[in-house]
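# Fold and geometry: a report
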Amino acid sequence: MCATVLVPVVVVAVTGIVRNPTSDADLVLPLVAVVAAVAVAAYASIRRIRRTATRTTPGTGAAAVVPLDELDRRAQRLLVLTDDCVRTSGEELAAAEALSGSEAVRPSAEALEFAAAELAHAFRVRQRLDDGEGRTRVLLEEILARCEAAGLRLDAAAAGFDQIRALERTAPQTLEHTETRFRELTARVAEADGTLAGLRERYALTAYLPVAGHAEEAKDRLVLATACLNRTRQALDGGGTEDAVAALRAAEAAVDQAVLLLDGVTRHAADLSAAARELPAAATAAEADLAEARAEPDTGTARADLHGRISHGESVVAALREEADGEGSGPTGERDAREHDPLDALRRIEQVATGLDRALHRVPDGSRALARLQRALLVARVAVRAASDHVTTHRGAVHCEARTRLAEAERRLHAAENTETPPVLAPADALADAREADALARRARQLAERDVRAHGTPYGEGLWTGGAVLGGILLDAPHRTAERPGHPGDGGPASYGGPGTRGRRDGGELFRPAPPQSPLRGETGAP
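Okay, so let's go over this structure. What you are looking at is a predicted structure, and each value in this text was computed from that prediction instead of being measured.

### Some points on the overall build of the protein
Helix and strand counts for the protein stand at 15 helices and 4 strands. Expressed as a percentage of contacts within the protein between residues at least 6 apart in sequence, the contacts between residues at least 24 apart total 75%. For the protein, the accessible surface area stands at approximately 24500 Å², while carbon and sulfur atoms represent 54% of it.

### Overview of the layout of surface pockets
To find leftover empty space, a probe the size of one water molecule is rolled over the atoms. In this structure, the second largest pocket encloses a volume near 530 Å³. As for the second largest pocket, its lining consists of 24 residues, of which Ala 116, Ala 120, Ala 407, Glu 410 and Arg 411 are closest to the centre. Elements with a minimum of two residues in the lining of the second largest pocket: helix H3 (68-100), helix H4 (106-130) and helix H13 (400-417). Ranked by the residues each element gives to the lining of the second largest pocket, the list is headed by H13, at 8 residues. For the lining of the second largest pocket, the residue count by class is 12 nonpolar, 5 polar and 7 charged.

### Thoughts on the packing of aromatic side chains
Under the defined criterion, the tally for this structure stands at 1 aromatic pair. Measuring from ring centre to ring centre gives 4.3 Å for Phe 161 and Tyr 496, while their planes differ by 15°; the resulting arrangement is stacked. Placement of the pair is Phe 161 in helix H5 (residues 136-165) and Tyr 496 in the segment after strand S4 (492-493), with a sequence separation of 335 residues. For the pair shown, Phe 161 and Tyr 496 are each scored as buried. Lying over the aromatic face of Phe 114, Arg 153 brings its terminal NZ or CZ to 5.3 Å of the ring centre.

### Remarks on the environment of Leu 196
Mapped onto the fold, Leu 196 is located in helix H6 (residues 167-202). On the basis of relative accessibility, which here comes to 3%, the residue Leu 196 falls in the buried class. Along the sequence, Leu 196 and Gly 213 sit 17 residues apart, while their C-alpha atoms lie 9.3 Å from each other.

### Points about the environment of Glu 436
Along the polypeptide, Glu 436 turns up in helix H14 (residues 427-455). The sequence separation of Glu 436 and Leu 413 amounts to 23 residues, and the corresponding C-alpha distance is 8.3 Å.

### Quick look at the nonpolar core
One finds Leu 199, Leu 343, Leu 346, Ile 349, Leu 356, Leu 378 and Ile 473 to be the most contacted residues of the largest nonpolar core, which totals 61 residues. Among the elements of the structure, H6, helix H7 (205-208), helix H8 (214-237), helix H9 (241-294), helix H10 (301-325), helix H11 (342-360) and helix H12 (366-393) are those that each provide at least two residues to this core. Those residues in contact with Leu 343 that lie beyond four places of it in its chain are His 268, Asp 271, Leu 272, Ala 275, Leu 378, Val 379 and Val 382. Within the second largest apolar cluster, 31 residues are counted, among which are Leu 79, Val 80, Leu 144 and Ala 157.

Here is what the cut-offs are and how they apply
Residues numbered from 1 in each chain as written. Predicted model: local features only at pLDDT ≥ 70, side-chain atom pairs only at ≥ 80, totals over all residues. Heavy atoms only, no water. Helix = DSSP H or I, 4+ residues; strand = E, 2+ residues; numbered from the N terminus. Contact = heavy atoms within 4.5 Å. Areas by Shrake-Rupley, 256 points an atom, 1.4 Å probe, with all protein chains shown as cover. 1 Å grid on protein atoms, 1.4 Å probe; cavity = no way out; pocket = protein on both sides within 12 Å on 5 of 7 lines; lining within 4 Å. Points joined across faces, edges and corners; volume = space filled by probe spheres on them. Nonpolar A, V, L, I, M, F, W, Y, C, P; charged D, E, K, R; others polar. Phe/Tyr/Trp six-rings, centres within 6.5 Å; stacked < 30°, edge-to-face > 60°. Buried < 20%, exposed > 50% of the residue type's maximum accessible area, 1.4 Å probe, protein only. Lys NZ or Arg CZ within 6 Å of the ring centre and 35° of its normal. Core = buried A, V, L, I, M, F, W, Y, C linked by side-chain atoms within 4.5 Å.

Purely geometric numbers; function is a separate question.
This is how it looks when you write it as structure tokens:
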């Protein structure tokens, strides 16, 4: 089975190169070398995966099967590692594209696309495993094979990507570009604080909770960016190109995460406004649905179930209208704790409609089903984006289960949104996928938050900032052991590439604790 999964890796790698021919004869040998390297690596991967399932004890010829628990731990570790590689590679690819153009980075983009597809398949297999489907060992082996294929492709593309970026040569221009982005972001922090203040006044805590800490976390990333940009300039002035590139890459990643966090506040405010606009029509549609259900003929026990769902639905709609109209205000005229959450209100209305569907044994269709679908998609998109942003900015702590639920939520959302590429789902099936995507995304967020709480925010000696390691911006040095513990994040910044190449820009002493007389928080001044 492993061979059938991994052999196409070589084919894709080769065709990816052939589709981008060059007229320079000097590139022929490097291209051949890359193809050969990928082929050898793929063959080695096949051998490794086979040995994962069955090992022969020396001198006996007996097969020593790797215990399922150990195989499961390997699969979880590799899923997390590959997911980190794909996320980081996507971020640095965007930085390269902004300066070099999409055509220049096309080979790197194709490698990333392949790796992301393999990772998505691996997460899908992991979800099946968690759901109790299939043969455990076979599924675990497939996860390992797909993750290794993804990592090998990114590793093979890393050298070509570095040639395109040429940070050693373009560091001054890249530094200027990153400093410009940094200055733009510092102006947006106050705006985000103001947006959050408005959300707190208007909505319930549950409505804005997904982005409640975004502004503070963005400030944390900007503190890291300030220090890294300053050290980049110092290194360039002193002729330390290698240190400059490492610090610059960390600064880019910190700025990227600050952008994600601040954009999340703006987007979430817009989503809440959109949900609030949808709420009156949704409530009216729910009332019409309840009226139709009350008109259904009495059929004994089925009627009793329907009556209960009707009563529940009426109470839900009445409560939502009361909250939206502000009738829950206290005697002083101030809003009390019952301020509304429009996204959750749409979710509860859809739950009422789903309950009536089941009691009446009906399948949603027509314009009413399409209207329900659009509202369910709005809710699901918000939940998926919130979970994805949280995982991205805390990936140094988030484990496999949260990432698996998020990947499944993204898959179900994509299926529900698809209206062009076969197979296109019927409205009822798309509606079910949208609801499931919402539920999975909220579960992924809960699991990710649990992981972050268990991990803790690593502030203190040895780190410039907690977000550096928590956000996966800085890696642990590969030489760290129990005897040589080192410091969190002293492996330098994560870069485009797979497990074997993403840590190639080791900052050495650059990312280790600063002397006590010059702590990070004492570094002031924007670049």
